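Architecture at a glance
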Amino acid sequence: MNRLFKGAPPRAALMTLAVLLLTVLLTVAAGAPPFGALRHLILGSVGSWIKFSHVLMVWIPLALCACGLLFTFRMDLWNIGVEGQVVAGAVGATAVLRLAGGGSPPGLWVALAFLAGAAGGAFWASLAGVLKTKGNVNEIFAGLGLNFVAQAVTLWLIFGPWKRPGIASMSGTEPFEPDLWLPTLPGLRISPVGLVLAVGALVSTWWILRRTRLGLALKAIGRNRTASFLHGLSPARYTLAAMALAGGFAGIAGTFQVAGVYHRLIPAISSNYGYLALLVVMLSGFKAGPVPAIALFFACLNVGSIQLPMVLRIDSSLSGVIQGVFVLAFLFVQAWTRRKKSAVKEGHGH
Amino acid sequence: MKIALREIHKHYGALRANDGITMDIREGTVHGILGENGAGKSTLMKILSGYVSSTSGETLINGKPVRFTGPSHATSMGIGMLYQDPLDFPSMTVLENYLTGLTGKISLGREHHSRSLLDSAKKFGFAFDLHAPVSALTVGERQQLEILRLLALGIEVLILDEPTTGISSGQKKLLFDALKSLARQGTSILLVSHKLEDVMALCDRATVLRLGKVTGELDSPFDAEVLLKWMFGSAPPPPSCRQSRYGRERAVLKDVSASGGRAGLEGCSVSLHEGEIVGLAGLEGSGQGVFLRVAAGLSPPRSGRLSLDGQDMTRQDYHAFQKRGVTFLPTARLEEGLIPGLTITEHFAIQGPKSLMVPWTLARDAAAGGISRYRIAGTPGSPVDALSGGNQQRLLLALMPADPRLLLLEQPTRGLDLESARWVWEQLTALASLGSCIVFTSSELEEIVEYAERVLVFFDGRIVLETRTCDTSLEALGTAVAGRTDTLTGGRAA
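Just so we're clear, the structure is a prediction, and the values are computed from it rather than from any experiment.

Along the backbone of chain B there are 17 helices and 20 strands. Compactness check: chain B gives a C-alpha radius of gyration of 25 Å against a globular reference of 23 Å for 494 residues, within 12% of the reference. Along the first, second and third principal axes, the C-alpha set of chain B runs to 70 × 55 × 45 Å. Each of the 494 residues in chain B was classed as buried or not, and the buried ones make up 54%. Contacts in chain B between residues far apart in sequence, at least 24 positions, make up 65% of those at least 6 positions apart. Accessible surface, chain B as shown: approximately 21200 Å² in total, 51% of it carbon and sulfur. Mean positive and mean negative side-chain charge positions of chain B (51 and 54 charges, respectively) differ by 1 Å.

As structure tokens, this is what we get:
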């Protein structure tokens, strides 16, 4: 363990340097001034308080999804379905908020919406979990399939039962009444409720994984399913639990997108934050500790790249490229050092 | 093709799997390599087929020394091996399997090769549906296909590793006829087996290995007594009968059949008692492993009934068995028994009370207690993969409930040094004297005779001999293990 940490800082520095170099090369290839692109990425994300508040609004759902994924990764489940779980959560929350009105206080409806969102995400994840435990369907395929289904359901709702009066359009459902929107700080587009939820999720995830029997059981099953079964743990039951938790957190993220960001259900409600969160967790080495920082970095890239097309006439997908390159480089370096280490071990054996 | 092996050594750490083996294989003969599990047969054949390289020693083909770089090199030199589990591609068709590795050209030549496959199959009386997936074939048919494939590759030496385990008697006859006719045409056949019967029925010459060394060589006709003595060594004095002090019936298996392993399990009826130690003998994959797992509720029986303390448990799973005091300890300690990456404390915590929070202090105390009681060389914070094999076994025992009512152990002392093994047995016999029923498999007959009060010998999925250890001898057990129960045991059975 110690050796791993000893090697980490220079490795991380080397990797960052390599990724920056690649980014520069890419921007040159795209015909844009390379350092200009980097400068705009930085200024566009942390250049002002307003911009940083945008970053935080991306950070919130990313951190929430990443928390959920920590549970599934802990037991070696690849919950690719997190994307669909965000969508299912958004649908659940929208269903509740559409009912709102009458005499009840709006705060109660919003709280209900979060519960419904968490339940929707958990339900969607449990579908994949049941397919896995009862039908022996790999969770990657089950999740991927359900992502498409969730997307289709959303489109059907937007163009069918929940369409705007008069015109159904890609712009989504009718916006909710402003008193159902998550409140923001004066002058800044930042929701304290969202921040509290995300920070709370991070802390409780860390605590559950580290302190509770559930955390220990997930870790044990992830490391050795057979031995865990022999020691009395039920892998099927914990698979469902981990999936439901992951889906619940994703559903809360979906609710935040609905109640805090778009104030309605739109076709691209998840903004791909589920997939992005997978990258965040991988880059965190599947540990809770680095998640906040890495999610923040990814959020910065996302927000910072928004203005690239306008200012430099290069596509905003540059941020996606940088994120992807980072993760690939990390996984490569990780596999490479592991192989080198095992080669050293083998060498001692002979 | 003549093959000579000179002073072959293969060492795995301190273990000498082959310890200076010298032998010659003549052209056009069927040569048997006999020996019990761990005698070094498979290692020697893996060296000859290029699968592993020897630590030292020389292989000569037609008088010229060769050093194989890998199995395909050996095949190109004319040496092919049929592995115990045929190395084929179950999801591909018969023809596709046959074609694998056959042509170096771009075109597969499907028509040409399907004709040649059918022709050679007919010669030996084999029958195939070329387009059936190999997964639908029996083990015997897969062997036949593999033999034809190896022959098509032009091999002159065919090595077969335990080819008669798991195939029907009809297939065995076909196989033996094919091997004899191949030998007549000049192919050298090497038959690796622990089955005396097979070697006596088929071979022209037999070499016996024991503990990595050649203990004897004989031409047919063979003397079974001599071969058995070479295989198992000279018999130690028979064990003295312990007081039979069995208590109540703890577990009863009635006419249980199950699948798994190579031979499965066929019609086993056994009852196990309080306080008794039962050894399960047999060559690996003869059914004793399946028996243990069925008795633990880990694999469901296909038919038959199973009860614990009078309660029917036939369709229950391992966790239900655990609640009734059954504990199963697997031999693959890091693969099945322990969880790599978790510490000793974490293992105790998993066993601990089912509460929301992990009671870490309690778990650490339990770990420290287990460490000192079972003399484990480690600390509560040591990850289990950092422990030695002996200490991992000690940990598994420490993790056991204090008074297991039925303890099922898979090769409990495999890989342990002598002192650790003796220590493990001290603990187990102490448990038995307190009333636990202990059932274990072992590949060492000596271990069974020394510690068990009763022994069940498995052969091809059946119990072929059930006797008290004091009523039998190592030779009688060895003969039963090799599948011959008719001749030697009759006189001594009680």
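Resuming the write-up.
Quick look at the state of the cysteines now. Tallied over the full model, the rule gives zero disulfides over all chains. Between C65 of chain A, a free cysteine, and C67 of chain A, which holds the nearest cysteine sulfur, the sulfur-to-sulfur gap is 9.2 Å. Judged by relative accessible area, which is 1%, C65 of chain A ranks as buried. Here C437 of chain B stays free of any disulfide, with the sulfur of C268 of chain B as its closest cysteine sulfur at 15 Å.

Time to look at the sheet that holds strand β20 (residues 462–468) of chain B. Residues and elements named next belong to chain B. If you trace the six strands from one edge of the open sheet to the other, you get β16-β17-β18-β13-β19-β20, paired in mixed fashion. The strands lining the two open edges of the sheet, one partner per strand, are β16 (326–329) and β20. Averaged over all neighbouring strand pairs, the angle between strand axes comes to 15°, with direction disregarded. Alignment of strand β17 (residues 406–409) against strand β18 (residues 437–441), held across four bridges, turns out to be parallel. Residue pairing in the sheet places L406 in a bridge with C437 of β18.

Quick look at the packing of helix α4 (residues 110–124) of chain B against helix α5 (residues 139–152) of chain B now. All names here are of chain B. Two elements in contact, α4 and α5, have axes separated by 11 Å at closest approach and are oriented at 115°. The crossing of α4 and α5 is right-handed. Touching L117, S120, A121 and F124 of α4 are L145, L148 and L151, all from α5. Along the lines of polarity and charge, the residues of the contact of α4 with α5 split into six nonpolar, one polar and no charged.

Tallying the contact residues gives 19 residues for chain A and 30 residues for chain B. The largest per-residue losses of area from chain A upon contact with chain B belong to R213, L230 and H231 of chain A, which jointly make up 37% of the total buried on that side. Counting across the interface, chain A meets chain B through one salt bridge. E346 of chain B is paired through a salt bridge with K219 of chain A; the nearest N and O atoms lie 2.9 Å apart. The interface formed by chain A and chain B holds 14 residue pairs in polar contact (both at pLDDT 80 or more) in total.

Rules behind the numbers
Residues numbered from 1 in each chain as written. Chains lettered and ligands numbered in written order. Predicted model: local features only at pLDDT ≥ 70, side-chain atom pairs only at ≥ 80, totals over all residues. Heavy atoms only, no water. Helix = DSSP H or I, 4+ residues; strand = E, 2+ residues; numbered from the N terminus. Rg over C-alpha atoms; globule rule 2.2 N^0.38 Å. Buried < 20%, exposed > 50% of the residue type's maximum accessible area, 1.4 Å probe, protein only. Contact = heavy atoms within 4.5 Å. Areas by Shrake-Rupley, 256 points an atom, 1.4 Å probe, with all protein chains shown as cover. Lys, Arg positive; Asp, Glu negative; His and termini not counted. Charge placed at Lys NZ, Arg CZ, Asp CG, Glu CD. Disulfide = S-S within 2.5 Å. Pairing = 2+ DSSP bridges. Axes fitted to C-alpha atoms, helices over the stretch in contact; angles between N-to-C directions. Left-handed = near helix turned anticlockwise from the far one by under 90°. Nonpolar A, V, L, I, M, F, W, Y, C, P; charged D, E, K, R; others polar. Buried area = accessible area lost by both parts, 1.4 Å probe. Salt bridge = Lys/Arg side-chain N within 4 Å of Asp/Glu carboxyl O. Polar contact = N/O pair within 3.5 Å; in protein donor to acceptor, adjacent residues only side chain to side chain.

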